[in-house]
Amino acid sequence: MRRIPRAHRHRTAAALTLLCALTATTQSAALAAPGPATLEEVRAQLDDLYHQAEVATEKYNAADEKATDQRKKVDALNGRIKRAEQQEARLKALLGAAARAQYRGGGLPAEMQFALARDPEHALDDAALAERTQQGTQDRLTALEATRKELRTRTDQATAELKGLRASRRAMDDNRDRIEKRIATARALESQLKAEQLAKLARLEKQAQDKAQAKWEDTGVLDQVSTKATPAGRKAIAYATKQLGKPYVWGAEGPDSFDCSGLTSQAWLHAGVVIPRTSEEQWARLPHVPVSRMRPGDLIIYFSDASHVALYLGDGKIISAPRPGRWVYVSPAGSMEILGVVRPDAG
């Protein structure tokens with residue numbers, strides 16, 4: 001997890017100070033309602049804080065996914081260790097039986113058994129049997145040693161995986177704290193705003209989205225993109241559409257709440273396609289397609305750090321779980337910085 005630059009911390013403190021002053025009582029005649037530029041700064045600060053929270057959320061999700069994978073590996077290793085122990089026990093039982101049989105037979109070398117045999121005609125048969133018994137015992141001893149080595153190797157691997165698991169858990173705890181601090185700071189900023197300021201802030205946000213969308217559409221990209229989804233894409237869109245209005249909760253993947261990648265991964269899971277849990281991994285592991293060739297059902301990845309993802313609906317719109325305090329909703333596809341497009345059902 002990257003450290004938050006000192007400049008960000010200073011801007012956060014400055015914004016809090018500014019808002020406290022802006023919303024103080026009117027006892028001071030010098031205080032005036034914030035102008036558009038001031039609220040624009042507040043909007044930018046909120047965007048920055050929620051973006052930091054989303055980055056931390058995706059890091060948390062990645063650590064959680066890693067921890068889950070590691071637990072599966074440890075469980076599998078423990079299963080193999082158990083099977084090796086059972087094999088070791090069987091080999092010990094076989095060796096014990098062989099030793100007892102040799103003891104009852106006198107445990108003499110084959111040539112001595114031949115020399116002392118009363119019936120030389122059967123001595124060769126007895127010698128061959130003794131030789132096979134000795135060889136079988138040696139083979140079992142070799143197998144036992146191999147089993148013990150495998151058991152030690154598997155135990156070492158399990159120990160290493162468990163250490164990694166604990167490290168992932170610690171990373172999850174660190175990221176949980178970061179997420180909660182970012183969200184708390186953003187909400188503290190918003191709580192200082194009056195109703196009319198919040199309304200104006202919402203208008204500024206919409207204006208910024210509309211401006212970005214218009215700029216994106218002016219490139220002519222929507223004249224090139226496909227309007228037809230695949231059957232799986234339609235299923236993913238149908239699932240995501242049913243989640244409209246459900247709240248954003250960081251780390252959530254349904255059924256009652258979602259974060260951005262929780263929504264997209266579950267939408268495609270319900271379409272029968274398993275994709276990575278986080279937006280970073282979706283960007284890293286799914287096939288990329290040019291924006292001009294995207295189709296409904298594709299995933300649009302946002303920002304240079306791939307910290308946000310949305311499901312493309314068509315007609316220049318997306319459905320996503322945007323950020324804390326918001327709900328799953330439909331918004332303009334070009335309203336944020338597009339990193340690229342990935343296709344879960346490529347082929």
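Further up the page is the structure itself.
What counts, and where the lines are drawn
Residues numbered from 1 in each chain as written. Predicted model: local features only at pLDDT ≥ 70, side-chain atom pairs only at ≥ 80, totals over all residues. Heavy atoms only, no water. Salt bridge = Lys/Arg side-chain N within 4 Å of Asp/Glu carboxyl O. Helix = DSSP H or I, 4+ residues; strand = E, 2+ residues; numbered from the N terminus. Expected span 1.5 Å × (residues − 1). Buried < 20%, exposed > 50% of the residue type's maximum accessible area, 1.4 Å probe, protein only. Core = buried A, V, L, I, M, F, W, Y, C linked by side-chain atoms within 4.5 Å. Contact = heavy atoms within 4.5 Å. Pairing = 2+ DSSP bridges. Axes fitted to C-alpha atoms, helices over the stretch in contact; angles between N-to-C directions.

Here we look at the pattern of salt bridges
Applying the stated rule across the entire model yields 8 salt bridges. For Glu281, the salt bridge goes to Arg285, with nearest N and O atoms at 3.4 Å. Taken together, the residues span about one helical turn, with Glu281 and Arg285 both in helix 8 (residues 279-285) at a distance of 4 residues. Several salt bridges share partner residues, and in doing so they unite Glu253, Asp259 and Arg277 into one network.

Details of helix 5 (residues 195-217)
An α-helical segment advances 3.6 residues per turn. Residues three or four places apart therefore align on the same side. In this model helix 5 runs 33 Å from its N-terminal to its C-terminal C-alpha over 23 residues, within 8% of the 33 Å that 1.5 Å per residue would give. For helix 5, every residue scored as buried is listed here: Gln197, Leu201, Leu204, Glu205, Gln209, Gln213 and Trp216.

Some remarks on the nonpolar core
Within the largest apolar cluster, 29 residues are counted, with the highest numbers of intra-cluster contacts made by Trp268, Leu299 and Leu311. Broken down by secondary-structure element, the contributors of at least two residues to this core are helix 2 (36-104), helix 4 (120-191), helix 6 (231-242), helix 7 (260-269), strand 2 (299-302) and strand 3 (308-314). By residue number, the principal contributor to this core is helix 6, which donates 5 residues. Residues contacting Trp268, with those up to four places away along its chain left out, are Ala232, Gly233, Ala236, Val273, Ile275, Gly297, Leu299, Leu311, Pro344 and Asp345. Formed by 13 residues, the second largest nonpolar core is a distinct cluster that contains Trp216, Val221, Ile300 and Val341.

Notes on the pairing of strand 4 (residues 317-320)
Relative to strand 4, strand 3 runs antiparallel, the two being bridged by 3 bridges. The partner of Gly314 across the bridge, within strand 4, is Lys317. Hairpin geometry of strand 3 and strand 4 is characterised by an intervening segment of 2 residues between the two adjacent antiparallel strands and by a positive phi of about 55° at Asp315. In terms of strand pairing, strand 4 meets strand 5 (residues 329-332) through 4 bridges, oriented antiparallel. Within strand 5, the position partnered with Ile318 by the bridge is Ser331.

Focus: the environment of Tyr239
Structurally, Tyr239 can be placed in helix 6. For Tyr239 and Trp268, which are 29 residues apart along the polypeptide, the C-alpha to C-alpha distance reads 8.4 Å. Sequence-distant contacts of Tyr239, defined by excluding residues within four places in its chain, comprise Phe258, Gln266, Ala267 and His270.

What about the sheet that holds strand 2?
Strand order across the open sheet formed by 6 strands is 1-6-2-3-4-5, with antiparallel pairing between neighbours. Two strands bound the open sheet, and with one partner strand each, they are strand 1 (288-289) and strand 5. In the sheet, strand 2 pairs with strand 3 via 4 bridges, with the strands oriented antiparallel. Within the sheet, the bridge partner assigned to Ile301 lies in strand 3 and is Val309. Contacts from helix 7 reach strand 2, strand 3 and strand 4, with the element oriented near 50° to strand 3.

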